[in-house]
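Here is what each chain is made of, one letter per residue.
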Amino acid sequence: VLDAEGQKMSKSKGNVVNPWELIREFGADTMRLYLLVPSQVWLPKRFDRKQIPQVTGDFQRALRNTYEFFRLYSVAGGTALPRSARPDSDRWVLGRLDATVRAVTTAWSRYEPTAGVRALMDFVVDDLSNWYVRISRDRFWAPEGEADTAAVATLRECLIAVSRLLAPAAPFASDWLHRALTDGSVHLGGWPESPAELVRADVELAGAMDAIRRLASLARAARETGKVRVRQPLGRMQVAVPVAVRGPALERLLGILQSEVNVKRIDIAESDTELVRLKGKANFRSLGKRYGKETPVVAKAVEQLTPDQLRALETGSQATLQVNGAEVVYFAEDVVVEREVATSWLVASDGPYVAALDPTIDAALAVEGLARELVSHTQRLRREAGYAVSDRIALGIEAPPAVLEAARAYRGFIMTETLARHLDAGAGIADADLRQAVDVDGHDVTFSMRRHGAGA
């Protein structure tokens, strides 16, 4: 272990680090993960205390927050459905868990802890926390009833498996998590197992969910380009995906994309050429190795490649043209395929994946957008007031007519999302715990709230 500048640690240089001080400051598990993650343990390692929270912070926060989410919304009892009968999102995340179990098991078996810990971190941060929990919130959030037992069982299975996969690398945190979920020590639990191979349906589901995640990311990028917030509903979205991805699994998952992107309707385009124009750009370095002085002519001819040829090059195939009476073969590395927007819609693309949003906001969409802004501000103010997630409130909204119209039109939606048992659109709440003026889309709006029943 070297210092941050790559120098050997020694007392004479004054660059020795006391491990016990670091353990007291960061915790033993954090230090173990920091030493495991950046590089294989047998390689020299530069130690920089400023990087400790950067290397492990996202993973530790994601794991802790996911468990807290589970603890907050989980229900006791209930019989979990067999995996084959669970919703697509549950089967998808359990499939990703299976793949992670195989990756971590292989890495540990080969004495490659860095690869194992990285695979586990990726699953927890990217798949479990940032995607599964987010798209499943409505199944857990049931203020007037119980959370979906299949969702609860799925999240619990994932967390238990994660704690067991994490045990060799972080024995203390993993044991705490395992005891919280099972009342038993992780170090007395069995190692997770997974099927040797995924069934065909789960492979198709994995590909479809990957497409949904890509398209959601592209749609958010398109909104940012057009400066349209995600809370503002839009009417239509068109998407293009590779032919191999299309099918029943993708169709079933469009509801998730619709919710993530906040659009009313999604259509799948027959081809990405409906949304973008494909354009080939010659890679002079690659062509120059084969064609020498003829390179400028061969590179110019790239403009003649058809959309079908360009798509074939993207998949690693070849394309052929007649250039000055001679046959020229273009390989994938010879041509960079670019896409130009062919519509007035907001468009973002990543290879054959394209998301296009209709930016038109009519009066009805504008009203709904205002209502969603009111919910967002109310949720923020609930947190500022120190309310528990389950606390019911009385809510007052004082605002100009346009905002009050939205509050009244979406009264039920606002009350359900904010747990308001009383909503006064046009007046404040007496004896409010919190009263605050806020700018909502250029409108001066005053919110007031108190716990429902308090002061009544």
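We now turn to the structure provided with this report.

About the criteria used
Residues numbered from 1 in each chain as written. Predicted model: local features only at pLDDT ≥ 70, side-chain atom pairs only at ≥ 80, totals over all residues. Heavy atoms only, no water. Helix = DSSP H or I, 4+ residues; strand = E, 2+ residues; numbered from the N terminus. Buried < 20%, exposed > 50% of the residue type's maximum accessible area, 1.4 Å probe, protein only. Areas by Shrake-Rupley, 256 points an atom, 1.4 Å probe, with all protein chains shown as cover. Lys, Arg positive; Asp, Glu negative; His and termini not counted. Charge placed at Lys NZ, Arg CZ, Asp CG, Glu CD. Salt bridge = Lys/Arg side-chain N within 4 Å of Asp/Glu carboxyl O. Patch = residues over 30% accessible without salt bridge, like charges linked within 9 Å, V, L, I, M, F, W, Y side chains within 5 Å. Contact = heavy atoms within 4.5 Å. Pairing = 2+ DSSP bridges. Axes fitted to C-alpha atoms, helices over the stretch in contact; angles between N-to-C directions.

Here the focus is the overall build of the protein chain. In terms of regular secondary structure, the protein chain is built from 16 helices and twelve strands. Evaluated residue by residue, the protein chain yields a buried proportion of 44% over its 456 residues. Working note: accessible area of the protein chain is about 23300 Å², and carbon and sulfur atoms make up 51% of it. Mean positive and mean negative side-chain charge positions of the protein chain (59 and 59 charges, respectively) differ by 4 Å.

All chains considered together, the criterion is met by 31 salt bridges. For the salt bridge of Arg61 with Asp58, the shortest nitrogen-to-oxygen distance reads 2.7 Å. Of this pair, Arg61 and Asp58 both sit in helix 3 (residues 52-73), three residues apart, roughly one helical turn. Judged by its relative accessible area of 42%, Arg61 falls in the partly exposed class. With a shortest N-O distance of 2.6 Å, Arg91 and Asp88 are connected by a salt bridge. Of this pair, Arg91 and Asp88 both sit in helix 4 (residues 88-109), three residues apart, which is roughly one turn of that helix. As far as burial versus exposure is concerned, Arg91 and Asp88 are alike and both buried.

Note that Gly412 resides in helix 16 (residues 411-418). Its relative accessible area of 46% is what places Gly412 among the partly exposed residues. Considered as a pair, Gly412 and Phe284 are 128 residues apart in the sequence and their alpha carbons are 61 Å apart.

On to a nonpolar patch on the surface. A contiguous nonpolar surface patch, about 320 Å² in accessible area, is contributed by Val41, Trp42 and Leu43. When you line up the elements, Trp42 lands in the loop between helix 2 (28-36) and helix 3.

What follows concerns the side chain of Arg139. Note that Arg139 resides in helix 6 (residues 137-140). Discounting chain neighbours no more than four positions away, the residues touching Arg139 are Pro87, Ser89, Asp90, Tyr132, Ala147, Asp148, Ala150 and Ala151.

Bringing the sheet that holds strand 11 (residues 434-440) into the picture now. Judged by pairing direction, the sheet is mixed, and its four strands sit side by side in the order 10-9-12-11 without closing on themselves. The open sheet is flanked by strand 10 (420-425) and strand 11, the only strands paired with a single partner. Taken pair by pair, the neighbouring strands of this sheet meet at an average axis angle of 20°, ignoring direction. Alignment of strand 9 (residues 393-398) against strand 12 (residues 443-451), held across six bridges, turns out to be antiparallel.

It is a general feature of regular strands that their side chains alternate between the two faces of the sheet. Strand direction decides the pairing type here: strand 11 and strand 12, joined by seven bridges, are antiparallel. Its bridge partner lying in strand 12, Gln436 is registered against Phe447. From the end of strand 11 to the start of strand 12, which pair antiparallel, there are two residues, and Asp441 there has a positive phi angle of about 50°.

Read from one edge of the open sheet, four strands run 2-1-8-7, paired in mixed fashion. A strand with exactly one partner marks an edge of an open sheet, and here the two such strands are strand 2 (263-268) and strand 7 (346-350). Direction aside, the axes of adjacent strands within the sheet are offset by 15° on average. As defined by bridge partners, strand 1 (residues 234-240) adjoins strand 2 across five bridges and the pair is classed as parallel. Looking at the pairing, Leu234 lines up with Val263 of strand 2. Together, strand 1, strand 2 and strand 8 (353-357) form the strand contacts of helix 10 (residues 248-261), whose direction differs from that of strand 2 by roughly 140°.

Within the fold, Ala371 resides in helix 14 (residues 363-384). Here the alpha-carbon distance between Ala371 and Arg435, two residues 64 residues apart in the chain, equals 19 Å.

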